Amino acid sequence: LTVVEGYRVPVVVQATDDIGIDRVTLQASINGFGPTPVDLEYDLAGATAVTASAAFDLRSLGARSGDVVTYSATVWDKRPPAGQFAETELAVIRVIDEREYQELARADYQMEQLVRELDELQKDLDRLQQRQDALEKELETLRKRLKDEKNLSDEERRSLEELERKLRKQADALRNEAARLAERAGQQPLYDIERDMLEMLRKVSEQIAEQAESAQKTADELQRLRKEPDKEELR
């Protein structure tokens, strides 16, 4: 943990044993001095399980900003004659001042904002991709129909016009998204991890811009096809 000086840090020790728990101790040291073991009172959570609670009062311990508190727990069972014991891994509390805490809190908030931003970006890209997939299916269906028939029916002409409209709308949406990503990618990063994200956004922006041009080109070709339905190259 990283904790502001003067705070109280709650600690809970849970232990189980097939015979039963006899004793629980908590030992802590500051900057390597100690440790001093303290017996903890515990509550039974069944015949062979216990829960013990304690708290580190950093002010009473004299722990100031820059200090490090390390602690662990030891538990003895009831096996005769003296019982067996087990120890937890060493846990660490780093003590900081209020200013450092505010900086950490600000960084955490910025990271949360970044995660939310990426999540919204992913949703936008997914929506664009879904529309892109649907358009590709419509184009493939149209392509097969054009292979089979030379003349376009009125229904097919209407389908061409509607598909052209959808493609132009998709091209506009892709261009807008590419511009938005390019603008975001050009912003000054707040911390190192954001640099990689901004570089990724720059590349995605370029790819989406290429997709926008492709959609625009296809829409233009559909417009030509409506005017020259017998032209084999366009079909």
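A brief look at the structure comes next. This structure is a prediction, so every number in the text was calculated from the model and none was measured.

Let us now look at the overall build of the protein chain. Helix and strand content of the protein chain: four helices and nine strands. For the protein chain, the succession of helices and strands along the chain, N to C, is β-β-β-β-β-β-α-β-β-β-α-α-α. A compact globule built from 235 residues should have a C-alpha radius of gyration of about 18 Å, whereas the protein chain, at 33 Å, is more than 25% larger. Expressed as lengths along the three principal axes of its C-alpha atoms, the size of the protein chain is roughly 100 × 45 × 20 Å. The burial tally for the protein chain puts 33% of its 235 residues in the buried class. Within the protein chain, residue pairs in contact and separated by at least 24 positions form 69% of the contacts whose partners lie at least 6 positions apart. About 15,500 Å² of surface is accessible on the protein chain, with carbon and sulfur atoms providing 48% of the total. When the 37 basic and 51 acidic side-chain charges of the protein chain are each reduced to a single mean position, those positions are 7 Å apart.

Now for the packing of helix α3 (residues 154–185) against helix α4 (residues 192–227). Relative orientation and spacing of two packed helices are given, respectively, by the angle between their axes and the distance between those axes. Viewed as axis vectors pointing N to C, α3 and α4 meet at an angle of 160°, and their least axial separation amounts to 7 Å. Here α3 is positioned roughly antiparallel relative to α4, judged by the angle of their axes. With respect to the hand of their crossing, α3 and α4 are arranged in left-handed fashion. Of the residues assigned to the contact of α3 with α4, the class counts are 20 nonpolar, five polar and 12 charged.

On to the environment of G186, then. Residue position: G186 is located in the loop between α3 and α4. Using a relative accessible area of 64% as the deciding quantity, one classes G186 as exposed. Sequence separation of G186 and L198 is 12 residues, and the distance between their C-alpha atoms is 7.5 Å.

The next subject is the sheet that holds strand β2 (residues 8–16). Spatially, the three strands line up as an open sheet ordered β2-β6-β5, and their pairing is antiparallel. This sheet does not close on itself; its edge strands, each paired only once, are β2 and β5 (42–44). In this sheet, neighbouring strand axes are inclined to one another by 20° on average, regardless of whether the strands run parallel or antiparallel.

On to unusual backbone geometry. That bond from P80 to P81 is cis: its omega, 0°, falls within 30 degrees of zero. Note on placement: P81 falls in the loop between β7 (68–77) and β8 (85–87). Here the phi dihedral of N31 falls at roughly 55°; this positive angle occurs in a residue that is not glycine. For N31, the position within the fold is in the loop between β3 (21–30) and β4 (33–39). Taking relative accessible area as the criterion, N31 reaches 40% and is therefore assigned partly exposed.

Here we take up the pattern of salt bridges. For the structure shown, the criterion picks out 18 salt bridges. Residues D172 and R175 are paired through a salt bridge, measuring 2.7 Å at the closest nitrogen-oxygen approach. With a gap of three residues between them, D172 and R175 both fall in helix α3, about one helical turn apart. When the shortest N-O distance is used, the salt bridge between E206 and R202 registers 2.7 Å. Placement of the pair is E206 and R202 together in helix α4, with a separation of four residues, close to one helical turn. For E206, a relative accessible area of 43% puts it in the partly exposed group.

What counts and how
- Residues numbered from 1 in each chain as written.
- Predicted model: local features only at pLDDT ≥ 70, side-chain atom pairs only at ≥ 80, totals over all residues.
- Heavy atoms only, no water.
- Helix = DSSP H or I, 4+ residues; strand = E, 2+ residues; numbered from the N terminus.
- Rg over C-alpha atoms; globule rule 2.2 N^0.38 Å.
- Buried < 20%, exposed > 50% of the residue type's maximum accessible area, 1.4 Å probe, protein only.
- Contact = heavy atoms within 4.5 Å.
- Areas by Shrake-Rupley, 256 points an atom, 1.4 Å probe, with all protein chains shown as cover.
- Lys, Arg positive; Asp, Glu negative; His and termini not counted.
- Charge placed at Lys NZ, Arg CZ, Asp CG, Glu CD.
- Axes fitted to C-alpha atoms, helices over the stretch in contact; angles between N-to-C directions.
- Parallel < 35°, antiparallel > 145°, perpendicular 65-115°, else oblique.
- Left-handed = near helix turned anticlockwise from the far one by under 90°.
- Nonpolar A, V, L, I, M, F, W, Y, C, P; charged D, E, K, R; others polar.
- Pairing = 2+ DSSP bridges.
- Salt bridge = Lys/Arg side-chain N within 4 Å of Asp/Glu carboxyl O.

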